[in-house]
Amino acid sequence: MDYFLIATVLIVLSAIFGYINTKFLKLPTTIGLMLITIVFTLAVFALSYFDDTLLMKERELITSIDFKTILLDVMLSFLLFAGALHTNFQQLKIQRKPVLIFATLGTVVSTFLSGIFVFYVLKMIQLDVDFIYCLLFGALISPTDPIAVLGIMKKVGAPKNLETKIVGESLFNDGVGVVIFLTIYQIAKGGVEISAGHIAELFFVEVIGGIILGLIIGWTTYRLLKSIDEYDTEVIITLAAVMGGTLVAQKLHVSAPLAMVTAGLIVGTDTVRKTSMSAITEQYVDKFWELLDVLLNTILFVMIGMEILVLTFHATYILAGFIIVPVLLLARYISLLLPIKIYAKKLGFVPKTNLIMTWGGLRGGISIALALSLTNSMERDLFLVITYIVVVFSILVQGLTVGKLIQKYTKETETTEITSL
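Residues numbered from 1 in each chain as written. Predicted model: local features only at pLDDT ≥ 70, side-chain atom pairs only at ≥ 80, totals over all residues. Heavy atoms only, no water.

Description of the packing of aromatic side chains
Considering all chains together, one arrives at 10 aromatic pairs under this definition. Here the aromatic rings of Phe-119 and Phe-131 are separated by 5.6 Å at their centres, their planes lie at 90°, and the arrangement is edge-to-face. With Phe-119 in helix α6 (residues 96-124) and Phe-131 in helix α7 (residues 131-141), the pair connects residues that are 12 residues apart, well separated along the chain. Look at Phe-119 and you get buried, because its relative accessible area is 15%. Aromatic side chains Phe-181 and Tyr-185 sit 5.8 Å apart centroid to centroid with 35° between the ring planes, which places their arrangement in the tilted category. Within this pair, Phe-181 and its partner Tyr-185 are both found in helix α9 (residues 160-189), separated by 4 residues, close to a single helical turn. (Phe/Tyr/Trp six-rings, centres within 6.5 Å; stacked < 30°, edge-to-face > 60°. Helix = DSSP H or I, 4+ residues; strand = E, 2+ residues; numbered from the N terminus. Buried < 20%, exposed > 50% of the residue type's maximum accessible area, 1.4 Å probe, protein only.)

Have a look at this one:
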């Protein structure tokens, strides 16, 4: 299939499914689109018992899409810049220490705990998988997906300090997660000697290099916006910053996602907005990136829903996926305990922050993209099925209920404060 046909089919399906969700289901976009796409794909499966033409066409479409490349190398930069552009920078500055620890130490601890737990769960159901591959799975499933988290957090009405922790962690921990994944991936492939110095170098180049590049891109964009007052040109400058910055990051082998998060935070700060954009420019920049964010999110979650076609269905794999869902939630809960305990009193965390962050730490397209990059010798089919089950549970179940969980404990806090008065 040619690229225009693929893009057309995806956008047409996104428009149809988006209309159905808006008109009838009225769910958050990410949840509604994934649910409708999965139901549609299952219906195509059922129809294939009578006529498999539509199934063959859909399978041809999804297998012709390089999901990993499209998401990690193209879409992610746009989505993260858009998310960072509308993140409360002042709140993030206040919460920077716990967010940093969540995104680094929390991700490392979660990776190892997940790997250990999954290793023993698989042994329990007679699946003999090498520990290094379980650790590799722990690395790809531990980062919370910023795209999924941002989409849900906009809808649930979380307190700003809690929203900042969840969104801030998700914006930054994918860069750390990818470094951990790449390191373990090289060990799992064999033939490459990995030392502590090599890991430190990889971390520095990818993460620190990405942040430094983002600072340069953000500052350059700010200076360009400040020097003119023409809203259409200024919108194009922000678009060029993301596209050009992503290309430079890829050439320099630094983290493009972290570069775009950093650039987006700089361009989106109140100080930069007030000194570099007129009111009409600010309105157009915001609306442009909101629309692009919605469009790419819509296409992404339709693609995730259709990825069910590339799965290898085995009863044991599906059983493993359902058992591992609560195991991963436990690993995440434990990984958040230390930083929350350290900063809870200093920064006034809302009650049950650990429980809310555990349930609100959604997995999404990044985990699926990394799972698709596994080789067959790394138990690709098994871990792809498990990853898909975890992601679907995360988006549909956790995504639909995290708002109620937040409201419950927020109301309890408000009631307690009123009673004490």
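Digging into the pattern of salt bridges
Tallied over the full model, the rule gives 6 salt bridges. Where Asp-286 meets Arg-273, a salt bridge forms, and the shortest distance between an N and an O atom there is 2.9 Å. Taken together, the residues span a long stretch of sequence, with Asp-286 in helix α14 (residues 279-306) and Arg-273 in helix α13 (residues 270-276) at a distance of 13 residues. Assessed through its relative accessible area of 15%, Asp-286 is described here as buried. The buried category is assigned to Arg-273, whose relative accessible area is 7%. (Salt bridge = Lys/Arg side-chain N within 4 Å of Asp/Glu carboxyl O.)

Re the environment of Asp-293
Locating Asp-293 in the fold gives a position in helix α14. Once the C-alpha coordinates of Asp-293 and Leu-79 are considered, the two residues, 214 residues apart in sequence, prove to be 5.7 Å apart.

Quick word on helix α15 (residues 315-347)
Here α15 contains 33 residues, and its C-alpha end-to-end distance of 46 Å stays within 8% of the 48 Å for a straight helix at 1.5 Å per residue. Taking the largest bend as the criterion, α15 deviates by roughly 40°, centred on Ile-340. After α15 finishes, the residue Gly-348 shows a positive phi value of roughly 60°. (Expected span 1.5 Å × (residues − 1). Bend = angle between axes of the 7 residues up to and from the residue.)

Description of the side chain of Ser-142
When you line up the elements, Ser-142 lands in the loop between α7 and α8 (146-156). Classification of Ser-142 as buried rests on a relative accessible area of 3%. One polar contact links the side chain of Ser-142 to the main-chain amide nitrogen of Thr-111, over a distance of 3.2 Å. (Polar contact = N/O pair within 3.5 Å; in protein donor to acceptor, adjacent residues only side chain to side chain.)

Description of the confidence of the model for the protein
On average, residues of the protein score 90 in pLDDT, and 96% of them are at 70 or above. Within the protein, the lowest mean pLDDT, 73, falls on α8, and the highest, 97, falls on helix α11 (residues 231-252). (pLDDT = per-residue confidence, 0-100.)

As for the environment of Leu-224
Along the polypeptide, Leu-224 turns up in helix α10 (residues 196-227). Separated by 76 residues in sequence, Leu-224 and Ala-148 place their C-alpha atoms 32 Å apart.

Considering the side chain of Thr-164
Locating Thr-164 in the fold gives a position in helix α9. Looking at Thr-164, its side chain comes within polar contact range of the main-chain oxygen of Lys-160, at 2.7 Å. Each residue touching Thr-164, except ones within four places of it in the same chain, is listed here: Gln-91, Leu-92, Gln-95, Val-99 and Glu-169. (Contact = heavy atoms within 4.5 Å.)

Structural notes on helix α12 (residues 256-268)
Residues that lie three or four places apart on an α-helix share one face, since the helix turns once every 3.6 residues. The end-to-end C-alpha distance of α12, which contains 13 residues, comes to 18 Å, matching closely the 18 Å that a straight helix rising 1.5 Å per residue would cover. Within α12, 13 of the 13 residues are buried, which leaves it mostly tucked inside the rest of the structure. Of the residues that open α12, the one with a side-chain oxygen 3.2 Å from the backbone nitrogen of Leu-258 is Ser-255.

Re the environment of Ser-64
Within the secondary structure layout, Ser-64 lies in the loop between α3 (53-63) and α4 (67-85). Spatially, the C-alpha atoms of Ser-64 and Val-44 are 18 Å apart, while their sequence positions differ by 20 residues. Here Leu-61 takes part through its backbone oxygen, which lies 2.6 Å from a polar atom of the side chain of Ser-64.

A look at the packing of α11 against α14
Interhelical geometry of α11 versus α14 gives an angle of 45° and a closest axis separation of 9 Å. Put simply, α11 runs oblique to α14. As for how α11 packs across α14, the hand of that crossing is right-handed. Between α11, through Tyr-231, Glu-234, Val-235, Thr-238, Leu-239 and Val-242, and α14, the contact on the second element is made entirely by Ile-280, Thr-281, Tyr-284, Val-285, Phe-288 and Trp-289. Grouping the constituent residues of the contact of α11 with α14 by class yields 9 nonpolar, 2 polar and 1 charged. (Axes fitted to C-alpha atoms, helices over the stretch in contact; angles between N-to-C directions. Parallel < 35°, antiparallel > 145°, perpendicular 65-115°, else oblique. Left-handed = near helix turned anticlockwise from the far one by under 90°. Nonpolar A, V, L, I, M, F, W, Y, C, P; charged D, E, K, R; others polar.)

So, the packing of helix α1 (residues 3-25) against helix α2 (residues 29-47)
At their nearest, the axes of α1 and α2 sit 9 Å apart, and the two run at 115° to each other. In terms of orientation, α1 lies roughly perpendicular with respect to α2. α2 is crossed by α1, and the crossing has right-handed handedness. Residues Ser-14, Phe-17, Gly-18, Ile-20, Asn-21 and Leu-25 of α1 form the contact with α2, whose participating residues are Thr-29, Gly-32, Leu-33, Ile-36, Thr-37 and Phe-40. When the residues that make up the contact of α1 with α2 are grouped by side-chain class, the tally is 6 nonpolar, 6 polar and no charged.

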